[in-house]
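Summary of the model geometry
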Amino acid sequence: MTTTTMARRANAVPPDPRQHARDIAEAVDLAWHSRYGGSRIEVPMSVVAALALVAREAPGPEQLDRLAEVAERLDPEGFTLLIQRLWCEFAALRPDLNPRTKHLWSWIDEEPDETTQRAIRAVGQAALAKGVLGRFGPDGWGDTDLLGMLLQTMKSHGGRKGMGQFLTPESVTLLLGRMNTPEEGARVLEPCAGTGTMLLGAAQGMREKGLDPTKAEWWANDLDPLAAALCAVNLHLWGLGWRVVVGCGDGLLDVWMHDALRDRQIAIDEMRRAWTLARQIVAVRSVLELPTPESPLDRAMRRAAPKPPPPPPPAPDSSSFDAEAVFRQGRLF
């Protein structure tokens with residue numbers, strides 16, 4: 001790891017997680033609206049969510065440093081392909097959340113134009129510069145709502161027109177979680193979850209009492225599909241386990257629970273079939289000894305990878321070194 005990388009990480013990650021989230025949100029908001037200015041704020045949120053997810057799953061900071069170094073060198077098309085790959089990997093990891101998170105990554109199927117790709121890269125570079133990968137590992141973003149802060153910041157552009165969204169402060173949700181801490185095995189239901197800050201407070205309350213949040217059931221719902229998508233990502237970032245169901249519907253009716261369970265099972269079954277097909281393809285390629293094709297992202301990352309320094313020139317071989325000829329030239333090197 002280079003000194004420059006170490007200094008960048010140390011300077012980019014404030015000790016206060018909430019202030020860190022605010023810094024990232026403001027930088028991303030500026031990058032998106034100055035380079036694109038569009039209303040589809042799910043696109044920049046998708047970029048930040050993907051980077052936060054890869055930071056959580058990374059085995060250590062060295063791997064993230066290498067990813068950040070290559071990502072900084074990618075062109076707009078290559079960076080967009082990187083975000084697409086990260087979402088594909090998360091879809092395979094958490095198919096149960098796909099029905100909700102799809103609202104964050106469905107834009108990828110639309111083949112973004114060059115302007116959008118440049119804005120996507122600008123957003124990614126802004127988030128990386130502010131240290132979105134700095135909080136890595138299972139506990140990386142487990143104590144604050146980065147995505148909720150981002151949603152609130154980006155929607156503030158419409159706040160003057162009554163379109164802003166303001167979330168419950170995390171200090172309040174933590175207090176409520178301490179006052180009414182769920183037990184292991186309990187069902188925690190939040191029909192108007194937003195990005196999930198109430199659930200974060202409940203999970204933090206459990207951990208403070210030595211309880212395991214993954215042993216509880218977490219049911220979340222919101223009428224806003226973007227908020228529901230961010231909530232689904234948060235439940236993974238916060239380490240709430242696999243007993244989670246996220247819906248998108250009218251919280252005053254219980255139909256969202258039935259729909260969410262149905263969609264969750266359909267997504268899991270689809271991923272099982274996809275894995276079966278993928279294994280069959282790998283087996284056929286192995287039997288026929290076919291090479292694995294290089295994807296467009298692999299080519300882009302290979303081009304963006306830093307070139308190794310050239311090897312030093314070999315020392316003269318004493319058996320073939322002609323000292324007399326060099327002497328006649330009047331120089332040694």
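Described in the following lines is the structure provided in the data block. (Residues numbered from 1 in each chain as written. Predicted model: local features only at pLDDT ≥ 70, side-chain atom pairs only at ≥ 80, totals over all residues. Heavy atoms only, no water.)

Quick look at the layout of surface pockets now. Over the atoms rolls a probe the size of a water molecule, and in doing so it shows where empty space is left. In this structure, the largest pocket spans a volume of roughly 270 Å³. In this structure, the largest pocket is lined by 13 residues; those nearest its centre are Leu53, Val54, Glu57, Leu86 and Glu89. For the lining of the largest pocket, the secondary-structure elements that each account for two or more residues are helix H3 (42–57), helix H4 (61–73) and helix H5 (76–93). Partitioning the lining of the largest pocket into residue classes produces 10 nonpolar, one polar and two charged. (1 Å grid on protein atoms, 1.4 Å probe; cavity = no way out; pocket = protein on both sides within 12 Å on 5 of 7 lines; lining within 4 Å. Points joined across faces, edges and corners; volume = space filled by probe spheres on them. Helix = DSSP H or I, 4+ residues; strand = E, 2+ residues; numbered from the N terminus. Nonpolar A, V, L, I, M, F, W, Y, C, P; charged D, E, K, R; others polar.)

Moving on: empty space enclosed by the protein. Applying the stated criterion across every chain yields a total of two cavities of 30 Å³ or more. Considering only enclosed or pocket space, the second largest cavity measures out at about 50 Å³ in volume. Looking at the second largest cavity, the residues that line it are Asp96, Leu97, Pro99, Arg100, Val244, Val245, Val246, Ala260 and Arg264. Every element with two or more residues in the lining of the second largest cavity is listed here: helix H6 (98–105), strand E3 (244–247) and helix H12 (255–288). In terms of residues, the lining of the second largest cavity owes the most to one element, E3, which gives three residues. For the lining of the second largest cavity, the per-class residue count stands at six nonpolar, no polar and three charged.

Moving on to the nonpolar core. Core analysis: the biggest nonpolar cluster contains 80 residues, and Trp87, Val132 and Trp218 have the highest contact counts within it. Examining the composition of this core, we find that 11 residues originate from one element, H3, more than from any other. If sequence neighbours within four positions are ignored, Trp87 has contacts with Ser46, Ala49, Ala50, Leu53, Thr101, Leu104, Trp105, Ile108 and Val233. If you look at the next biggest cluster of nonpolar residues, it comprises five residues, including Trp219, Val245, Trp256 and Ala260. (Core = buried A, V, L, I, M, F, W, Y, C linked by side-chain atoms within 4.5 Å. Buried < 20%, exposed > 50% of the residue type's maximum accessible area, 1.4 Å probe, protein only. Contact = heavy atoms within 4.5 Å.)

With that out of the way, let us pick up the environment of Ile83. Considering the arrangement of structural elements, one finds Ile83 in helix H5. Separated by 37 residues in the primary sequence, Ile83 and Ile120 place their C-alpha atoms 9.0 Å from one another. Not counting residues within four places of it along the chain, the set of residues in contact with Ile83 comprises Ser46, Val47, Ala50, Trp107 and Ile108.

Along the chain, the position of Ala203 falls in helix H10 (residues 197–208). For Ala203, a relative accessible area of 1% corresponds to the buried category. Separated by 60 residues in sequence, Ala203 and Asp143 place their C-alpha atoms 9.6 Å apart. Leave out the neighbours within four places in its chain, and Ala203 touches Pro213, Trp218 and Leu240.

What follows is about the packing of H3 against H5. Packing of H3 against H5 leaves a shortest axis separation of 10 Å and a crossing angle of 60°. Judged by the angle between their axes, H3 and H5 are oblique. Relative to H5, the crossing made by H3 is left-handed. Between H3 and H5, the contacting residues are Ser46, Val47, Ala49, Ala50, Leu51, Leu53, Val54 and Glu57 on the first element and Phe79, Ile83, Leu86, Trp87, Phe90 and Leu93 on the second. (Axes fitted to C-alpha atoms, helices over the stretch in contact; angles between N-to-C directions. Parallel < 35°, antiparallel > 145°, perpendicular 65-115°, else oblique. Left-handed = near helix turned anticlockwise from the far one by under 90°.)

Each regular strand shows side chains that alternate between the opposite faces of the sheet. Burial of the side chains of strand E1 (residues 187–190) is restricted to one face: Val188 and Glu190 are buried, whereas none of Arg187 and Leu189 on the reverse face is. Sheet analysis places E1 next to strand E2 (residues 217–221), joined by four bridges and oriented parallel. The residue of E2 that forms the bridge with Glu190 is Ala220. After leaving E1, the chain enters H10 and then returns to the sheet as E2, a path that is right-handed. (Pairing = 2+ DSSP bridges. Right-handed = clockwise from strand over helix to strand, strands pointing away.)

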